[in-house]
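Spelled out from the first residue to the last, the chains are:
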Amino acid sequence: MTQSQSDEKMEMARGKVKSKAELSGSERTARIVELERESVIQTYTRQPILLVKGAGAKVWDASGKVYLDFVAGVAVNTVGHCHPSVVEVIKRQAAELIHTSNLYYTENQVFLAEELKTLTGMDRAFYCNSGAESVEAALKLARRATGRSEIVAAVNSFHGRTLGSLGATHKPVYREPFRPLNEADFVPFDDPEALKSAVSKETSALILEPVQGEGGVNVPDPGYLRAARQICDDCGALLILDEVQTGFGRTGKWFGKEHSGIMPDAMTLAKGIAGGLPMGAMLAAESVTDVFQKGDHASTFGGGPLVSAAALASIGAIKRERLVERSEQMGAYLRSRLVEEIDALEVRGLGLMVGVELEASCPEIVNRARERGVLLNATSEHVLRMVPPLVVGKEEIDRVVKVLAEILEKP
Ligand SMILES: *Cc1c(COP(=O)(O)O)cnc(C)c1O
């Protein structure tokens, strides 16, 4: 027990502080909001609810209020919250072996690599623990492969917040306080001509999202990535596809690259990979398989037995429940219902990665939807992002569309 926990026990014993069981939901929430401000570095703007439980596409707060979760941990909870088969595998694996480091062999990461190779057509995996780290690995790989350091990325891109990945993330307010960075040359998205003039024999890598996520769910023409492939081949630059958000069925295909039919040289994965546990992977194509030599890159936690087991269980669930097809079908249903019921400037997306552009203030809509039991995310003032778990049902979609329509009717 820590000092503060024992202090709290003493206070409870003196009757000064109520135990968790005695507090009401709103008291528990207020207490955590206050403690968080004092103890956690204030980098996040949080919604004022305390989440305590999840199942499928629903989460519950400390007062027992239920929410339809169309944020899904920011496109992480692909198989739904606490998917029973993922929970079962985590429990079993946790009791057996949680962590060993990569100084030794463990089984699950090898089985998972085999699975990822089959699913993507890529050739080798490197494991890490987040999206940004998978981008770091890919950028290092590109530098090692080409001996060049220049990067080309797209306007409105998001590739992470570490010093390397931040250089490829477009939003200037994220980058400017942290200069100097190895900053990318940013070109307009979905513009092959702009790529042609930016990518050169000095370029180490072109990094693109198959569908831009944080930038507002921007879907390019399928010809765009094919042009990107050709341009990189012509210049000897690596093409990195950042599939951190688009992977694992999110866009109605296993991976976003399938919409264009091309293969990248490196591919980054995280978010939906391991049923909600933190994990990242960088996959390399055959041409760059042997670029990293022993010692070139490493991660203490990377591909640990527990997260790898969770990833295998999550992939198993996606297959058994045909969630990739479901993402395609439910995504089409969600978009058609939105077009029918809502006066949007644009409804866009692929599969269950949907953006709704509105004239109204989206952060305001997020607040009002939350009050009515629907969790949404605004990527900017005028774009709502919907990335529900792929297990979401039609009735749940109908409910969310109805709530949104009612909010927009009564400003
Ligand atoms: C979320 C995201 C990242 C960063 O992932 P973290 O796990 O937050 O580091 C990188 N690229 C894309 C496309 C993302 O959506």
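The structure under discussion appears in the preceding block.
Structure report, in brief. Remember, predicted model here, so these are calculated numbers, not experimental data.

1. A few points about the environment of I151
Okay, step 1: Relative to the elements of secondary structure, I151 occurs in strand β5 (residues 150-154).
Okay, step 2: Each C-alpha atom of the pair I151 and A237 lies 9.2 Å from the other, and the pair is 86 residues apart in sequence.
Okay, step 3: Non-local contacts of I151, meaning those with residues more than four positions away in its chain, are made with L139, N182, A184, D185, A205 and I207.

2. Some thoughts on the sheet that holds strand β14 (residues 377-380)
Okay, step 1: With respect to topology, 4 strands assemble into an open sheet ordered β11-β12-β15-β14, the strand pairing being antiparallel. The sheet is open, and its two borders are formed by β11 (346-350) and β14, each paired with just one other strand. Each strand of the sheet is rotated relative to its neighbour by a mean of 25°, with strand direction disregarded.
Okay, step 2: Judged from the 3 bridges that link them, β14 and strand β15 (residues 383-386) form a sheet pairing that is antiparallel. Looking across to β15, one finds that S380 is bridged to V383.
Okay, step 3: Sheet strands in contact with helix α12 (residues 323-341) are β11, β12 (353-357) and β15, and its direction is about 180° off that of β11.
Okay, step 4: Of the strands in this sheet, β14 and β15 are in contact with helix α13 (residues 362-371), which crosses β14 at around 175°.

3. Details of the sheet that holds strand β8 (residues 238-242)
Okay, step 1: Read from one edge of the open sheet, 7 strands run β4-β10-β9-β8-β7-β5-β6, paired in mixed fashion. A single partner strand is all that each edge strand has here, and the edge strands are β4 (124-128) and β6 (185-187). Shown here is a sheet whose adjacent strand axes are inclined to one another by a mean of 20°, direction ignored.
Okay, step 2: Sheet topology places β5 next to β6; 3 bridges connect them, and they run parallel. Directly across from A154, in β6, lies its bridge partner V187.
Okay, step 3: Along the sheet, helix α5 (residues 107-120) makes contact with β4, β9 (266-269) and β10 (280-284), crossing β4 at roughly 125°.
Okay, step 4: Each of β4, β5, β7 (203-208), β8, β9 and β10 is contacted by helix α6 (residues 131-146), which is oriented at about 175° to β8, the strand it contacts most.

4. A word on the nonpolar core
Okay, step 1: Among the nonpolar cores identified, the biggest contains 57 residues, and L376 and M386 are the most heavily contacted of them.
Okay, step 2: Here this core spans two domains, and each of domain 1 (40-82 + 322-409) and domain 2 (85-320) adds at least three residues to it.
Okay, step 3: Excluding residues that lie within four positions of it along the chain, M386 makes contacts with F70, L334, L338, L352, M353, V354, V356, L376, V400 and L404.

5. Section: the packing of α13 against helix α14 (residues 394-409)
Okay, step 1: Where α13 contacts α14, the two axes come as close as 10 Å, and the packing angle between them is 120°. Viewed along their axes, α13 and α14 adopt a mutual orientation that is oblique. The way α13 lies across α14 gives a crossing that is right-handed. Only V403, L404, I407 and L408 of α14 make contact with α13, whose side of the interface consists of I365, R368 and A369.
Okay, step 2: Of the residues belonging to the contact of α13 with α14, the class tally is 6 nonpolar, no polar and 1 charged.

Conventions adopted
Sequence order as written defines residue numbering, which begins from 1 separately in each chain. For this predicted model, a pLDDT threshold of at least 70 governs which residues receive local features, and a threshold of 80 or more governs which side-chain atom pairs are given and counted, while totals over whole chains, interfaces and linings are taken from all residues. With hydrogens and water excluded, all non-hydrogen atoms of the structure serve as input to the side-chain values. Starting at the N terminus, helices and strands are each numbered in turn, a helix being any DSSP run of H or I of at least four residues and a strand any DSSP run of E of at least two. Contacts between residues were defined by any pair of non-hydrogen atoms, one from each residue, lying within 4.5 Å. Between any two strands, at least two bridges found by DSSP are needed for them to pair. To get an axis, a line is fitted to the C-alpha atoms, and for a helix only the part in contact is used. The angle between two axes follows their N-to-C directions and goes from 0 to 180 degrees. Here, the term nonpolar core denotes a set of buried Ala, Val, Leu, Ile, Met, Phe, Trp, Tyr and Cys residues that are joined through side-chain atoms within 4.5 Å. Burial classification: accessible surface area is computed with a 1.4 Å probe over protein chains only, and a residue below 20% of its type maximum counts as buried, one above 50% as exposed, and the rest as partly exposed. Here the bounds of each domain stem from an automatic or database domain assignment. By definition in this entry, angles of less than 35 degrees are roughly parallel, angles greater than 145 are roughly antiparallel, angles of 65 to 115 are roughly perpendicular, and the rest are oblique. Handedness of a helix crossing follows the sense of rotation of the near helix relative to the far helix, less than a right angle counterclockwise being left-handed and clockwise being right-handed. Think of it as three bins: nonpolar holds Ala, Val, Leu, Ile, Met, Phe, Trp, Tyr, Cys and Pro, charged holds Asp, Glu, Lys and Arg, and polar takes everything else, Gly as well.

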